[in-house]
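What follows is each chain in one-letter form.
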Amino acid sequence: MKKILIMALVAASIGSLSSCADFLDREPMTKPEAGTFLTGQIQVENYINGLYITLPSFSKFGMGVRSEEKNSDNIIAEKYDPRLHGQNNQFSGASDWQTGFQNLRKVNYFFYYYKVPQELETQDVLSLKGEAYFFRAYWHFYLLKKFGPIPVMDSFWDENATVGGLQIPAKSRNEVAKFILSDLEQAKGMLNSRSKYSGIRVNKEAAMVLAMNVALYEGTWEKYHAGSDFASPANESAYFLGEVLKWGDELFKCGIDLYKAGVNPGDAYAALFNSTDLSGIDEVLLWRKYSNEEGVFHSVNANLKAGVVDTEGAAGITQSLVDNYLNADGTFINPKDEKFKDFIKTFEGRDPRLIQTVMNEGAKFASATTARPMHLEAYTETAKDKISAPKLAGDGNSRSLTGYHTRLGIDTTFVNGNGETALPVIRYAEALLAYAEAAAELGQCTEDVLTKTLKALRERAGVTYVKPASRDANFSSFGYELTPVLQEIRRERRSELALQGFRLDDLMRWKADKLIVGQRGRGAYVGDESILFGAFSPENQKTIRERLTVDEQGWADPMAGTLTNGYQFHADRDYLLPIPPSELELNKTLHQNPKW
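Quick caveat, the model's predicted, so the values are computed rather than measured.

Chemist: Would you mind showing me how to read the environment of threonine 451 here?
Modeler: Along the chain, threonine 451 falls in helix H15 (residues 447-461). Sequence separation between threonine 451 and alanine 436 is 15 residues; the distance between their C-alpha atoms is 9.8 Å.

Encoded structure:
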């Protein structure tokens, strides 16, 4: 473990490499001597360790993945996402393009200089090579989601780094997806199982879940974007959705199961995000460890303690996300019910994951014994010392725009100083959700499928499983006539994966612009008579009324003055990012994405 953490720091200090536009004037990353580079297990392991720093992480100064979903309808932020508002320009894809191809170059550099003799290729060495295939698949998937058709970087391009040599055409998106799956097939055959390193290294099961995510993404993208400028030449939706099931059937044989420890409903779910060590939780197939002792830590715990949802400015979780969660008995909620104007009652009798994800009555921003739990009651001089309300009247990035703060990942052991809570990167739950969705899209979602996917997830969370049989009139289906089964699978996906970086990808592949265009999100009810508003002093009530716009019904509408007509996402353009102009100038075979 120490070696992994140290190598991550070393890799960070190397600095960034250039994109393929800079190949002609870049020195090699390193200079192998006499063909001895990457000839033994130690050299191979050290190099592969350096690739781990590119995986999702918490940062030392920000919220990392916890605030990423301000790019969707899960978080409202003062510093809103420009893509949602149609404000991207021709250069908006430059950083993502560079990041993706930089990291692909690092992986292909490994393949080019890998010279381990066959007699020294132990299972551990082959597993390290399998990790390289995983990383190459991971970064191609990253680029596919952002740009669609791209050149497949399946070799070390430096060897033909001439203008002519870099005229590499983009492959269609379904060809890119098939290449990714082939790399993951290679990886699966080489990688050790999760049990070898307790999930701290890339493993066979993690590669299989990534493959399912890739196939689901491409299969649903091709289905819902069919006939548009974003579609592949040949619609192979059924093929990719079938691949999800194929990979899933094999994964199920690996014996992974959902983590169910804990007496109270929701405890097992919360433990996935507020623990420092996930090695004993098999469901977490790949995770990042943080350690003060090793000098690798983050500031997420301190930010959560302060009520921060987004470090770039005031923000808050949306009422839309809160309304997504079922009642604990498995029935639908009616968000128009008067009881949901009561902040406390909003959380009562609900899916325990809501309570573990969003700060609520009785929950602490920090778990120190001196910390006060959130508590609302009418403000009086007598009661004021007991009240701990959402930070609607706060300042800076700790101010809530909606009344809803992030609870997911609160350190239940709370230690002052640097954060050490672990970050799950790939979970088994992702596979269950992908399998259920693919089966539903193919019309193959039998009772057996629902039992091992949707039912298992809900019962682990403490929600009574009710077989999907009717449509929820309040469920946002963005114009599609979803079956009750598909409706509940999509609901489950949003609840199980909230604030973990999945929501934008889901909206993009489902062609869900109707959930974006003209929308801006709202927050909790803050009418004059509400328990939430009444918990503040007269002075703070005045501050809230000056700062926070409410709609005609009294619900927080924090972006009304900024996004007057809601987000102006361009449905004919913004599903993909623009290819950087410098890349188009260098590689004349590339074609710009639609409407850019």
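There's plenty left to go through after this.
Chemist: What exactly am I supposed to notice about the pattern of salt bridges here?
Modeler: Between side chains of opposite charge, a pair can form when the charged atoms approach closely. Evaluation of the coordinates by the stated rule reveals 49 salt bridges. For aspartate 472, the salt bridge identified is with arginine 491, shortest N-O distance 2.9 Å. Residue aspartate 472 is located in the loop between H15 and helix H16 (484-496), and its partner arginine 491 is located in helix H16; the two are separated by 19 residues in the primary sequence. The class of aspartate 472 is buried, set by a relative accessible area of 10%. The class of arginine 491 is buried, set by a relative accessible area of 4%. Between lysine 588 and glutamate 585 there is a salt bridge, with the nearest N and O atoms lying 3.2 Å from each other. We note that lysine 588, like glutamate 585, is exposed. Through salt bridges that share partners, Glu283, Asp351, Arg353, Arg427, Arg458, Arg460, Asp472, Glu488, Arg491, Glu492 and Glu496 make up one connected network.

Chemist: Please clarify how the nonpolar core should be interpreted in this entry.
Modeler: Nonpolar side chains tend to gather and get buried jointly when the protein is soluble and globular. Ranked by internal contacts, the top residues of the largest apolar core, which has 122 residues, are Phe110, Phe134, Phe135, Leu184 and Met508. When residues of this core are assigned to their parent elements, the largest contribution, 14 residues, is made by helix H4 (residues 123-147). Discounting residues that sit within four places of it in the chain, phenylalanine 135 has contacts with Leu51, Tyr52, Thr54, Leu55, Val107 and Val202.

Chemist: Where do I start with the layout of surface pockets in this structure?
Modeler: Here the idea is plain: a probe the size of a water molecule rolls over the atoms and shows the empty space left. Put simply, the second largest pocket is a space of about 900 Å³. Lining the second largest pocket are 39 residues; nearest its centre among them are Gln319, Ser320, Asp323, Ser476 and Arg522. Top contributing element to the lining of the second largest pocket by residue count: helix H11 (residues 319-324), with four residues.

Chemist: Honestly, the packing of H15 against H16 in this entry has me stumped. Any pointers?
Modeler: Helix-helix packing: each pair is described by the crossing angle between the helix axes and the interaxial distance. At a minimum axis distance of 11 Å, the contact between H15 and H16 shows a crossing angle of 45°. By the criterion of interaxial angle, the relationship of H15 to H16 is oblique. Both H15 and H16 take part in a crossing whose hand is left-handed. Facing Leu450, Leu454, Leu457, Arg458 and Arg460 of H15, the residues of H16 in contact are Val485, Glu488, Arg491, Glu492 and Glu496.

Chemist: Teacher, can you tell me more about the packing of helix H5 (residues 173-190) against helix H7 (residues 204-224) here?
Modeler: Remark: H5 packs on H7, axes separated minimally by 9 Å, with the N-to-C direction vectors making an angle of 165°. Classified by the interaxial angle, the pair formed by H5 and H7 is roughly antiparallel. Where H5 crosses over H7, the handedness of that crossing is left-handed. The residues of H7 that touch H5, namely those facing Arg173, Asn174, Ala177, Ile180, Leu181, Leu184, Ala187 and Lys188, are Lys204, Ala207, Met208, Leu210, Ala211, Val214, Ala215, Tyr217, Glu218, Trp221 and Glu222.

Chemist: For this particular structure, what's the right way to read the pairing of strand E2 (residues 284-288)?
Modeler: Side chains on a regular strand alternate between the two faces of the sheet. With five of its five residues buried, E2 lies for the most part within the structure. Pairing analysis gives four bridges linking E2 to strand E4 (residues 423-427), with the strands arranged antiparallel. What sits directly across from tryptophan 287, in E4, is proline 424.

Chemist: For this particular structure, what's the right way to read H7?
Modeler: Three or four residues apart is the spacing at which side chains of an α-helix point the same way, because the helix has 3.6 residues per turn. The end-to-end C-alpha separation of H7 is 31 Å, in line with the 30 Å expected for 21 residues at 1.5 Å each. Judged by how many residues are buried, H7 sits mostly within the fold: 19 of 21 residues are covered.

Chemist: What should I look at first to understand empty space enclosed by the protein in this one?
Modeler: Summed over all chains, the structure comprises five cavities of 30 Å³ or more. In this structure, the second largest cavity encloses a volume near 50 Å³. Put simply, the parts of the chain that give the lining of the second largest cavity at least two residues each are H16 and helix H17 (503-509). A per-element tally of the lining of the second largest cavity places H16 first, with three residues.

Parameters and conventions
Residues numbered from 1 in each chain as written. Predicted model: local features only at pLDDT ≥ 70, side-chain atom pairs only at ≥ 80, totals over all residues. Heavy atoms only, no water. Helix = DSSP H or I, 4+ residues; strand = E, 2+ residues; numbered from the N terminus. Salt bridge = Lys/Arg side-chain N within 4 Å of Asp/Glu carboxyl O. Buried < 20%, exposed > 50% of the residue type's maximum accessible area, 1.4 Å probe, protein only. Core = buried A, V, L, I, M, F, W, Y, C linked by side-chain atoms within 4.5 Å. Contact = heavy atoms within 4.5 Å. 1 Å grid on protein atoms, 1.4 Å probe; cavity = no way out; pocket = protein on both sides within 12 Å on 5 of 7 lines; lining within 4 Å. Points joined across faces, edges and corners; volume = space filled by probe spheres on them. Axes fitted to C-alpha atoms, helices over the stretch in contact; angles between N-to-C directions. Parallel < 35°, antiparallel > 145°, perpendicular 65-115°, else oblique. Left-handed = near helix turned anticlockwise from the far one by under 90°. Pairing = 2+ DSSP bridges. Expected span 1.5 Å × (residues − 1).

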